[in-house]
Amino acid sequence: MTWKIPLFKIYWDEEDVEAVTTAIKAGMNWAVGPNVEQFEDLIASYVGTDYAVTFNSGTSALHTALLAHGIKKGAEVIVPSFTFIATANAPLFVGAKPVFADIEEETFGLGPEDVKEKITKKTKAIIPIHYGGCSCKIRELKEIADDHNLILIEDAAESLGARIGDKKVGSFGDSAMLSFCQNKIITTGDGGAIVTNTKKIYEKLKLIRSHGRLETSDYFSSTEYMDYITLGYNFRMSNIVAALGVAQLKKVDKIIEMRRKNAEYLTASLKRELKEIMTPVPPNEYYHAYQMYTIMVDNRDKLMKYLADNGIMTKVYFSPVHLTHFCKNELGYTCKLPVTEETSTQVLTLPMYPALTKEEMDFILDNIKCFVEVPR
Ligand SMILES: Cc1ncc(COP(=O)(O)O)c(C=O)c1O
């Protein structure tokens, strides 16, 4: 379907094209090469961690993080249900059990109180997400993790650049995952990374990412025998993709500023004219990067259809994972998560991206206004 206004558009420029072109024209090092390390160094220094390891997706990054942290069969991992399914699937990849906890209403992140309720003797880790560009109550979750000796892995797929005060998301936990899929803050098409301050985890991540091979230098340009010391995958980000990552990361702050300006415009207009719609309100000190702009509204499904009929794409982020066919029918989950279930009936993510114009935002707002003003 072609939309008058799609949910998102990628922000790219000639520097991105040049970076990829240069990597291609090198005629070698398309898989492994210097752009990968450069991208990793830039990610680590941007987030404020000692190490970063890139992957071919956020999902493979999270899978590898669980392996590197030694989470395995028999372990329980507390995750939100109000998330993209990959967060909940990651424990399953390593034979562990995802245990769903409810969210709190302010940030849509894991609710610290319900997380405490869900801790058992088998709990090994917590994977909270930072929803749509806003930090969750990560300081409170960190305290719980520390008190119970649990591993804290942030799913920061949607929230590169978000922070509390000066501390960026991704730098609170033992490790954190970032996604560079096409609808994220910056993108390489597909791609992901893990950031961490722990050297041992960093080394394990690199091993598992590339076949469990102990790489003493570039495998493809070395005649040296390199041993395989653990089970591994090919989850690598290619050198061409990393070139795009470097070019994208150079403009991340500009991209976030553009997102924030548009979000501000939408919020101010909605608050002024449409009081029945709840706009995002980040807590004090929370710097929102607005990967998504999500409102809450009672008549959500009808509004969604009305906007679609007028060429405006919106989407429900998220429908609860514990209510999917997979979780209910294949895995037998029957848990109840009242806040998640209620919130998921009201959320609607509106189109919001750096290059969205004032005219386009007015078009969206006028359509919402038309919908609200006519009784349905
Ligand atoms: C919260 C969350 N977790 C995990 C993922 C998975 O990331 P990827 O699509 O890069 O595999 C996404 C993105 O789609 C996400 O939004």
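Here is a short report on the structure shown in this document.

What counts, and where the lines are drawn
Residues numbered from 1 in each chain as written. Predicted model: local features only at pLDDT ≥ 70, side-chain atom pairs only at ≥ 80, totals over all residues. Heavy atoms only, no water. Helix = DSSP H or I, 4+ residues; strand = E, 2+ residues; numbered from the N terminus. Contact = heavy atoms within 4.5 Å. Patch = residues over 30% accessible without salt bridge, like charges linked within 9 Å, V, L, I, M, F, W, Y side chains within 5 Å. Areas by Shrake-Rupley, 256 points an atom, 1.4 Å probe, with all protein chains shown as cover. Salt bridge = Lys/Arg side-chain N within 4 Å of Asp/Glu carboxyl O. 1 Å grid on protein atoms, 1.4 Å probe; cavity = no way out; pocket = protein on both sides within 12 Å on 5 of 7 lines; lining within 4 Å. Points joined across faces, edges and corners; volume = space filled by probe spheres on them. Nonpolar A, V, L, I, M, F, W, Y, C, P; charged D, E, K, R; others polar. Core = buried A, V, L, I, M, F, W, Y, C linked by side-chain atoms within 4.5 Å. Buried < 20%, exposed > 50% of the residue type's maximum accessible area, 1.4 Å probe, protein only.

Looking at the side chain of Thr188
Point 1. Mapped onto the secondary structure, Thr188 falls in the loop between strand E8 (175-179) and strand E9 (192-196).
Point 2. Apart from residues lying up to four places away in sequence, Thr188 is in contact with Phe39, Phe180, Met237, Val241, Leu244 and Gly245.

Comments concerning a nonpolar patch on the surface
Point 1. Judged by side-chain polarity, Tyr219, Phe220, Tyr225 and Tyr228 come together as a nonpolar surface patch covering roughly 480 Å² of accessible area.
Point 2. Here Tyr225 shows up in the loop between helix H7 (199-209) and helix H8 (239-249).

Observations concerning empty space enclosed by the protein
Point 1. All told, the structure shown has 3 cavities of 30 Å³ or more when counted by the stated rule.
Point 2. Taken as a whole, the largest cavity encloses approximately 100 Å³ of empty space.
Point 3. If you trace the largest cavity, you find it lined by Leu7, Phe8, Asn183, Arg259, Gln291, Met292, Tyr293, Tyr317, Thr349, Leu350 and Met352.
Point 4. Considering only residue class, the lining of the largest cavity consists of 7 nonpolar, 3 polar and 1 charged.
Point 5. Along the walls of the second largest cavity sit 14 residues, with Lys9, Ile10, Tyr11, Lys184 and Arg259 positioned nearest its centre.
Point 6. Here the residues of the lining of the second largest cavity sort into 7 nonpolar, 4 polar and 3 charged.

Some points on the nonpolar core
Point 1. The biggest cluster of nonpolar side chains holds 33 residues, and the ones touching the most others in it are Ile71, Phe100 and Ile153.
Point 2. Listed by contribution, the elements that provide at least two residues to this core are strand E1 (51-55), helix H3 (58-68), strand E2 (76-80), helix H4 (85-93), strand E5 (151-155) and H7.
Point 3. Among the elements that make up this core, the one with the highest residue count is H3 (5 residues).
Point 4. Sequence-distant contacts of Ile153, defined by excluding residues within four places in its chain, comprise Leu62, Ala65, Leu66, His69, Ile71, Ile126, Ile127, Pro128 and Ser175.
Point 5. Counting residues in each nonpolar core, the second largest holds 28 residues, with Tyr11, Met237, Ala242 and Ile256 among its members.

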